Amino acid sequence: MPGLFQKVQDFIKSPQGRKYADQAKRYAQDPKNRAKAQEMLGKFRGKGGGHR
């Protein structure tokens, strides 16, 4: 039985997976979207160490 990573690889190689990958690339090229992504990463990183 294929593992999770194998399933992800198979999906990425499929036509639907390539379509979503292309959409993600176009989305990432927009400066506004890139700024939103950086902001979200900063929030996740900021919350990472305080829950012990």
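Residues numbered from 1 in each chain as written. Predicted model: local features only at pLDDT ≥ 70, side-chain atom pairs only at ≥ 80, totals over all residues. Heavy atoms only, no water.

*Asks:* Can you walk me through the packing of aromatic side chains in this structure?
*Replies:* Two aromatic rings, taken as a pair, are described by how far apart their centres are and by the angle between their planes. Applying the stated criterion to the full structure yields one aromatic pair. Ring plane angle 25° and centroid distance 6.3 Å describe the contact between F11 and Y20, whose orientation is recorded as stacked. According to the relative accessible area criterion, F11 is partly exposed, its value standing at 38%. On the basis of relative accessible area, Y20 is assigned to the partly exposed category, the value being 40%. Positioned over the ring face of Y20 is K19, at 5.3 Å from the centre of the ring. (Phe/Tyr/Trp six-rings, centres within 6.5 Å; stacked < 30°, edge-to-face > 60°. Buried < 20%, exposed > 50% of the residue type's maximum accessible area, 1.4 Å probe, protein only. Lys NZ or Arg CZ within 6 Å of the ring centre and 35° of its normal.)

*Asks:* Before we go on, may I ask you to explain the pattern of salt bridges in this structure?
*Replies:* Opposite charge on two side chains makes pairing possible when the charged atoms of those side chains draw close. Applying the stated criterion to the full structure yields one salt bridge. We note a salt bridge from E39 to K43, for which the minimum N-O separation is 3.6 Å. With E39 and K43 both in helix α3 (residues 31–47) and four residues apart, the pair spans about one turn of that helix. Classification of E39 as partly exposed rests on a relative accessible area of 48%. (Salt bridge = Lys/Arg side-chain N within 4 Å of Asp/Glu carboxyl O. Helix = DSSP H or I, 4+ residues; strand = E, 2+ residues; numbered from the N terminus.)

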